[in-house]
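# Remarks on the overall topology
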Amino acid sequence: MRVEKFGGSSLADSERIKNISSIILNSSKKEKIAVILSAMKGVTDSLIRAAQIAEEGNSEYTEDIENIREKHLKAVRSLFAPKNQTTVITHLQLMFNELEDILHGVELVRECSKRTMDLVMSFGERMSCTLVTEYLNTRGCSAKFIDARNYIKTDNRYGSAVVDFAKSYALIKNIGSLKAVPIITGFIASTENGITTTLGRNGSDYTASIFGAALEAECIEIWTDVDGVMSADPRFVRNAFVIPELSYQEAMELSYFGAEVLHPYTMIPAIEKGIPIRIKNSLNPSNPGTLILNKLISHPYPITGIASIDSIALLNIEGGGMIGIPGIAARIFHALAKEAVNIMMISQASSEHSICLVFHETESKAVVNSLHRELALELETKRVENFELKKDLVMIAIIGENMRGTPGISGKLFSALGREEINVFAIAQGSSERNISFIISKKDEKHALGTIHRAFLENGTDSETTGN
Ligand code: ADP
Ligand code: ASP
Ligand code: MG
């Protein structure tokens, strides 16, 4: 059994759908496969936008719905002979009717909870899978639409639900006996009561590895629009190259720090069952791509890759009154945990004079408000000076197993940035020594990525960052 997942980039239009259907047909002739699909490219974003517009009481959300409808119908017209179009159009139309009813409700009540947003987003994968299942059947491949909401069970943390592996694996095992090729909706799941949830943006990769682990697949393949996991985001660094092999840990760090080619959770079920993950390009199927496995890989360079996360904010808490007073850090983290803020990086100098917290920009208000409440007394008595909030930042991380115990990496990193006059606001190195992360201005992102790539990954060649 092999699991093959195709992302939105591989489902952009009818040409891409034809292309991945040929890949599915070929593999299904050779061995048993299970297929996971994302929504067509851009559809999840459009669904979110439609719900946000509807929430404002504005009926213009229908424009986004019409665009999504046209995208699917255009693909139907080009993929199906006229006599075969009716069934698939009827299935899609029923879904559009339901979606319109939900969004009309959102418009009327002017409220779109996270729970409703998950339901709205679920239509993307349900529509793409309906379309591709019908199309494969017309091409002589017996395929069956599978709604993952009946197989992946989660809690009710809408937007990024937590999977109940035991329940999900037991349900998924039933799919193993299907004769037809299952075409499974990525990204979506449901609670025990059947309420729709999602696994977080980009979550179809995770769906693939949940199914892979439950079905004890030999390999989980993630098909996308680049040749594999690259040494840096190819949109920023022209000389980025494909990394042929990666350890699970390295892949997890790279994806956690922003390499969106893979959802970071994808590795969790795969590690548990020791299943290798292969990243492949649906436009270049003969390329071997990247293999991710449970092995320490020796790489030719001192680091394995670079990744970055945008829209980062930093809060500096300073004050002479914090020195030597136990419990301040604990109170800060407790207050932020109560607000469910995700702190991405912390740094504290040994003088204890300042604590620096890094989080996503969207959390700024929650962070500042909760700390104002928690530290009200310290602020009043000036033991803590006011907080300094910086926005428009990015977090960059250099990652690699080979960094462990190698002296001089951070020296080289920060002198390369210094030479280019790139200002660094905060630095952290995990004790695993597999990564060094730091914060810089958004305006320096591309320059910094190019500089680091040249310093560590190009044998001294003179590369340039990409021009766009
Ligand atoms: P899909 O639609 O197949 O899920 P994504 O857009 O989620 O594809 O992920 C693929 C994209 O990830 C690539 O087109 C590339 O621009 C981006 N990317 C960012 N960092 C990396 C990296 N280190 N290696 C490869 N791709 C990367
Ligand atoms: N369609 C979802 C998203 O855009 C899930 C995925 O593509 O992996 O986030
Ligand atoms: Mg993706």
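Quick summary incoming for the structure in this document. Along each chain, residue indices are assigned from 1 in the same order as the chain's sequence is written. Each chain is given a letter, starting from A, and each ligand a number, starting from 1, according to the order in which they appear as written. Local features are withheld for residues below a pLDDT of 70 in this predicted model, meaning they are given only at 70 or higher, and side-chain atom pairs are given and counted only at 80 or more; totals for whole chains, interfaces and linings count all residues. Only hydrogens and water are set aside when side-chain values are computed; all heavy atoms of the structure are taken into account.

## Some remarks on the site of ligand 1
Here a residue counts as near a molecule or strand whenever at least one of its heavy atoms sits within 4 Å of it. With respect to spatial proximity, 19 residues lie near ligand 1, and among them Ser9, Thr224, Asp225, Met230 and Arg235 are the closest. At a separation of 3.1 Å, an oxygen atom of ligand 1 approaches a polar side-chain atom of Asn202. Think of a polar contact as two N or O atoms within 3.5 Å of one another; within protein, one of them needs to be a possible hydrogen donor and the other a possible acceptor, and neighboring residues in sequence only count if both atoms come from side chains. Contacts to ligand 1 include Arg235, whose side-chain N or O atom sits 3.1 Å from an oxygen atom. Under the convention used here, a 1.4 Å probe and the Shrake-Rupley method define accessible areas, while residue burial counts only the protein chains that appear. Bound to the protein, ligand 1 loses 89% of the 580 Å² it would expose on its own. Following the grouping adopted for this structure description, the nonpolar residues are Ala, Val, Leu, Ile, Met, Phe, Trp, Tyr, Cys and Pro, the charged ones are Asp, Glu, Lys and Arg, and the polar ones are all others, Gly among them. Of the residues that constitute the shell around ligand 1, the class distribution is 8 nonpolar, 6 polar and 5 charged.

## A look at the site of ligand 2
The immediate surroundings of ligand 2 are formed by Ser38, Thr44, Glu125, Phe187, Arg201, Asn202, Gly203 and Ser204. Within the backbone of Gly203, one N or O atom sits 3.4 Å away from an oxygen atom of ligand 2. Contact with the protein chains covers 89% of the free accessible surface of ligand 2, which is 260 Å². Residue composition of the shell around ligand 2, grouped by class: 1 nonpolar, 5 polar and 2 charged.

## What about the sheet that holds strand E16 (residues 435-441)?
On the basis of which strands lie adjacent, the open sheet formed by 6 strands has the order E12-E13-E11-E14-E16-E15 and antiparallel pairing. Unpaired on one side and paired on the other, strand E12 (345-348) and strand E15 (426-429) mark the two borders of the sheet. Between one strand axis and the next, the sheet turns through 30 degrees on average, direction left out of account. One ladder, built from 7 bridges, connects strand E11 (residues 305-318) with strand E13 (residues 354-360); its direction is antiparallel. Bridge pairing in E13 places Asn316 opposite Cys356. Following DSSP output, two strands are said to pair if at least two bridges run between them. By definition, any uninterrupted DSSP run of H or I lasting at least four residues is a helix, any uninterrupted run of E lasting at least two residues is a strand, and each is numbered from the N terminus. To obtain each axis, a line is fitted to C-alpha atoms, and for helices this fit is confined to the stretch in contact; angles are then taken between N-to-C directions over 0 to 180 degrees.

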